[in-house]
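One letter stands for each residue in the lines below.
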Amino acid sequence: MSNKDIARIFRNVAAAYTIRDEKKFRFQIIAYQKAADAIMQLTTEAFALYKDGKLDTIPGVGPTIKTHLIELFTTGKVKHFTDVTKEVSEAVFPLLEVPGFGPKKAYRLVTEFKLKNSKTVLSDLENLAKKGKIAPLVGFGEKSQADILRFLGEYKDKKGKLTRVVLPYAFDAAEKILTYLKKLPTVTEAVALGSLRRMKSTIGDIDIAVASNKPHEAISYFTSYPLKERIIEKGDISASILLIGGMQVDLMVQPKSAFGSLLQHFTGSKNHNIKLREHALKLGMSLSEKGIKQQMVNGKWQMVNYDTEEKLYKALGMTWIPPEMREDTGEVELAIKNKLPKLVTLSDIKGDLHIHSNYPIEPSHDLGNNTMEAMLKKAENLGYEYLGFSEHNPSVSMHTKNAIYSILARRKDKIEQLKSSNKNIRVINLLETDILANGDLPIDDKCFEYLDATLVSIHSVLSTNKEDMTKRVLAGLSHPKAKILSHPTGRLLNQRPGYELDWEKIFDFCLKHHKALEINASPLRLDLPDTLVKDAIQKGVKLVIDTDSHDAQHMDMMQYGVSVARRGWAKKSDILTTLSYNEFVTWLKS
DNA sequence: GCCGTTTTCGGCCCGACTGTTTTCAGTCG
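Everything quoted here is computed from the prediction, not taken from an experiment.

> Break down the overall build of chain A for me, citing the residues and quoting the values.
Secondary structure assignment for chain A yields 24 helices and 18 strands. For 590 residues, the compact-globule formula gives about 25 Å, and the C-alpha radius of gyration of chain A, at 27 Å, lands near that figure. Taken over the C-alpha atoms alone, chain A extends approximately 80 × 60 × 50 Å along its principal axes. Across the 590 residues that make up chain A, the buried fraction comes to 51%. Within chain A, residue pairs in contact and separated by at least 24 positions form 67% of the contacts whose partners lie at least 6 positions apart. About 27200 Å² of surface is accessible on chain A, with carbon and sulfur atoms providing 53% of the total.

What follows is the structure, encoded as structure tokens:
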């Protein structure tokens, strides 16, 4: 029973409550949805928390849901959930995944046509719509029948928010639209917000805020965007389009005087906004994207506008919160107390330790594209104080031991020469060494004499179970020269989830033996994930941020790694590559 | 059903848009 399975069960329970009596069960519905969100955000399996007796550490899980979870883990089902959902055909639930369908519409159609089969319900409904059977129903019509056909079609094609893209792709799409929007003279500001501004690892849609005193003009112009496939909706102050390629773009307009409110609202997250609005209520105010409604001395309500976010947060009695923190994981409470951490920034970074040059090391994996000199030049341009070369270790199957010694010796000479010829930047002699399936490193102790230290990482036999993988990683990290665990979860965004590790054990080991975890800044990895960054630094584990560059251009990706650190609330002091060269090298030898 | 810098009881975000409606329900974020 995975966290995803549990979250789905909770969402289905919420939907069943909605169908039965939305008003009566209003707060149960919210409770189950919140619990589902929280479980999806966990960095450990809920089942592991159950075994450790720590279920009540999950936010949104109180005594009742905890009891249900225990029943779920011990018996595989929950009587209460069966009771709640028993009058709802199981054919309802797959429809809830389709945008445009909520519990009411799904239930109405499934009941009307007596659909029973959850495996065929999507195609069953599609056929009914094609035959014109939906339009005659009370409350439906030709238009909604056509909408249903389109919803189902786009769901099959995974268009809109169903496909999440990595950050650079979303930034590129957003930049094009922003450039287009700024050509309209009455648009005084156009900014990309939402999960893009919060720098989430993947992006489901692009949210854009526009400042203009002529909202109709901005909306018409936006909905005429040449790269759109179709207009999803178009109203007085907001609109959505679907781009060719499948991404959805939402746009909202406010006058410049209320732009701060709009920035805040559209940046989200949803749960952060709810927390702010609940806080506003306690202060006798009502917060929305238009401003704050406040009760005046004469008893009348008045809308107060905010042109900047800083003023808005101040009006709510708190300090401005960096977008990366706005996930309702405690940031609002800290902002009220003026105790937000000072997050690490890109300009704090003094070096990059995971660089693959094209030096002919005859590696087990891929080489980089550029010379060591070119990579150093780039590092200098970025203003770094030091750069660590960490090509993959020489392939063991293709070389004798002596051949490997001589490759590493030659490489050391090369790096020594670079060290003496480069006055503006310090060079560190590293390697990215595989951790083999049995936990051994593929190269022997003599090899490490040619290195300052090494990164270690997993590249093979990824389907190992959590316990064995943890042992394997710890075995690899235990070599005195192994200082950094690179791309620790092995995930590839949108491709594979990564292997499971016992993070408590990994964190403890890192603390005790002076090892660091890498935040790999490659936008396809972003690994360590933000949620684990937060856990790690809470434990006091040190991190480094590396780009894993195979090309000089990749070194610009550092910003994505920094954003992951910021999403994990990392301060400058949590990141070792903010240290000066001398301080860092001292740690490397610790 | 959860939760606490007014509370262990009494709260629980707010507004936009669409389609099918003559005033609103459903969905979305």
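Let's pick the thread back up.
> Go over the sheet that holds strand S18 (residues 543–546) with me, naming the residues and quoting the values.
Sheet architecture is open: five strands sit in the order S14-S15-S16-S17-S18, paired in parallel fashion. With one partner strand each, in any of the chains shown, strand S14 (432–434) and S18 form the two edges of the open sheet. Strand-to-strand, the axes of this sheet are offset by a mean angle of 40 degrees, without reference to chain direction.

> Give a detailed account of the pattern of salt bridges, specifying residues and quantitative values.
The tally for this structure, following the rule as stated, stands at 37 salt bridges. Between Arg198 and Glu327 there is a salt bridge whose closest N-O contact spans 2.8 Å. In this pair, Arg198 is assigned in the loop between helix H11 (194–197) and strand S3 (202–203) and Glu327 in the loop between helix H15 (309–315) and helix H16 (331–336), connecting sequence segments 129 residues apart. Just as Arg198 is buried, Glu327 falls in that class too. The salt bridge partner of Asp508 is Lys539, with a shortest N-O separation of 3.8 Å.

> Kindly report on helix H23 (residues 558–567), identifying the contributing residues and their values.
With respect to burial, H23 is a largely interior element, nine of its 10 residues being buried. Every buried residue of H23 is accounted for by Met558, Tyr560, Gly561, Val562, Ser563, Val564, Ala565, Arg566 and Arg567. On its buried face, H23 is in contact with helix H10 (167–182), strand S11 (351–355), strand S17 (516–520), helix H22 (530–539) and S18. Residue Trp569 follows H23 closely and has a positive phi angle near 65 degrees.

> Provide a residue-level description of the packing of helix H17 (residues 372–381) against helix H18 (residues 401–421), including the pertinent values.
Where H17 contacts H18, the two axes come as close as 12 Å, and the packing angle between them is 40 degrees. Handedness of the H17/H18 crossing: right-handed. Seen from H17, the contacting residues are Met372, Glu373 and Leu376; seen from H18, they are Arg411, Lys414, Ile415 and Leu418. Of the residues belonging to the contact of H17 with H18, the class tally is four nonpolar, no polar and three charged.

> Lay out the side chain of Ser486 with the relevant residues and their values.
Looking at the element boundaries, Ser486 is found in the loop between strand S16 (482–485) and helix H21 (503–513). At 3.1 Å, the side chain of Ser486 forms a polar contact with the side chain of His354. Beyond its immediate stretch of four places on either side in the chain, Ser486 contacts His354, Glu432, Leu455, Val456, Ser457, Glu518 and Asn520.

> So what about the protein's contact with DNA strand B? Which residues, and what values?
Near DNA strand B lie 47 residues; those nearest to it are Gly100, Gly102, Lys161, Lys234 and Lys290. Among the atoms of DNA strand B close to the protein, meaning within 4 Å, 74% are from sugar or phosphate groups. For DNA strand B, a phosphate oxygen lies 2.9 Å from a polar atom in the backbone of Ser238. When contributions to the surface near DNA strand B are tallied by element, the ones reaching two or more residues are helix H2 (26–41), helix H4 (63–75), helix H7 (103–112), helix H9 (142–156), strand S5 (228–234), helix H14 (270–282) and strand S8 (285–288). Looking at the surface near DNA strand B, the element that brings in the most residues is H14, giving five residues.

> Account for the packing of aromatic side chains, with residues named and values stated.
This structure, assessed with the given rule, holds 16 aromatic pairs. Geometrically, the ring pair formed by Phe584 and Trp587 is tilted, given 5.8 Å between the ring centres and 35 degrees between the ring planes. Here Trp587 and Phe584 lie together in helix H24 (residues 581–588), a separation of three residues that amounts to about one turn. Judged by its relative accessible area of 0%, Phe584 is buried. For Trp587, a relative accessible area of 11% corresponds to the buried category. Grouped by ring-pair contacts, the aromatic residues Phe10, Tyr17, Phe25, Tyr32 and Phe81 constitute a single cluster. Above the plane of the ring of Trp587 lies Lys483, whose end atom (NZ or CZ) is 4.6 Å from the centre. Over the ring of Trp569 we find Lys534, and its NZ or CZ is 3.8 Å from the ring centre.

> Describe the environment of Ser486, naming the residues involved and giving the relevant values.
A relative accessible area of 0% means that Ser486 is categorised as buried. Considering only alpha carbons, one finds Ser486 and Asp56, 430 residues apart in sequence, at a separation of 32 Å.

> I'd like a description of the pairing of S8, backed by residues and values.
Regular strands show a simple pattern: their side chains alternate between the two faces of the sheet. Relative to strand S9 (residues 291–295), S8 is paired through four bridges, and the arrangement is antiparallel. Within S9, the position partnered with Leu287 by the bridge is Ile292. Hairpin remark: S8 followed by S9, antiparallel, with two residues in the connecting loop.

> Mind laying out the nonpolar core, listing which residues take part and the relevant values?
Among the nonpolar cores identified, the biggest contains 113 residues, and Leu181, Phe389 and Leu517 are the most heavily contacted of them. At eight residues, H10 tops the list of elements feeding residues into this core. Aside from chain neighbours lying at most four places away, what touches Leu517 is Leu485, Pro488, Trp503, Ile506, Phe507, Cys510, Leu528, Val541, Lys542, Leu543 and Val544. Of all hydrophobic cores here, the second largest spans 48 residues; its members include Ala14, Leu55, Phe101 and Phe151.

> Before we move on, can you summarise the environment of Lys66 with the specific residues and values?
Of note, Lys66 is situated in helix H4. A relative accessible area of 26% means that Lys66 is categorised as partly exposed. Note: C-alpha distance between Lys66 and Gln538 (472 residues apart in sequence) is 25 Å.

> Now, about H22: what can you tell me, with residues and values included?
The complete set of buried residues in H22 reads Asp530, Leu532, Val533, Lys534, Ala536 and Ile537. Against the buried residues of H22 lie H21, S17, S18 and H23. Downstream of H22 by one or two residues, Gly540 has phi in the positive range, about 95 degrees.

> Could you give an account of the packing of helix H1 (residues 3–21) against H7, naming the residues involved and the relevant values?
Contact geometry of H1 with H7 gives a least axis separation of 9 Å together with a crossing angle of 70 degrees. Considering their axes alone, H1 and H7 lie roughly perpendicular with respect to each other. Each of Ala15, Thr18 and Ile19 in H1 lies in contact with H7, whose residues at this interface are Pro103, Lys104 and Tyr107. Partitioning the contact of H1 with H7 into residue classes produces four nonpolar, one polar and one charged.

So, how was this worked out
Residues numbered from 1 in each chain as written. Chains lettered and ligands numbered in written order. Predicted model: local features only at pLDDT ≥ 70, side-chain atom pairs only at ≥ 80, totals over all residues. Heavy atoms only, no water. Helix = DSSP H or I, 4+ residues; strand = E, 2+ residues; numbered from the N terminus. Rg over C-alpha atoms; globule rule 2.2 N^0.38 Å. Buried < 20%, exposed > 50% of the residue type's maximum accessible area, 1.4 Å probe, protein only. Contact = heavy atoms within 4.5 Å. Areas by Shrake-Rupley, 256 points an atom, 1.4 Å probe, with all protein chains shown as cover. Pairing = 2+ DSSP bridges. Axes fitted to C-alpha atoms, helices over the stretch in contact; angles between N-to-C directions. Salt bridge = Lys/Arg side-chain N within 4 Å of Asp/Glu carboxyl O. Left-handed = near helix turned anticlockwise from the far one by under 90°. Nonpolar A, V, L, I, M, F, W, Y, C, P; charged D, E, K, R; others polar. Polar contact = N/O pair within 3.5 Å; in protein donor to acceptor, adjacent residues only side chain to side chain. Near = heavy atom within 4 Å. Phe/Tyr/Trp six-rings, centres within 6.5 Å; stacked < 30°, edge-to-face > 60°. Lys NZ or Arg CZ within 6 Å of the ring centre and 35° of its normal. Core = buried A, V, L, I, M, F, W, Y, C linked by side-chain atoms within 4.5 Å. Parallel < 35°, antiparallel > 145°, perpendicular 65-115°, else oblique.

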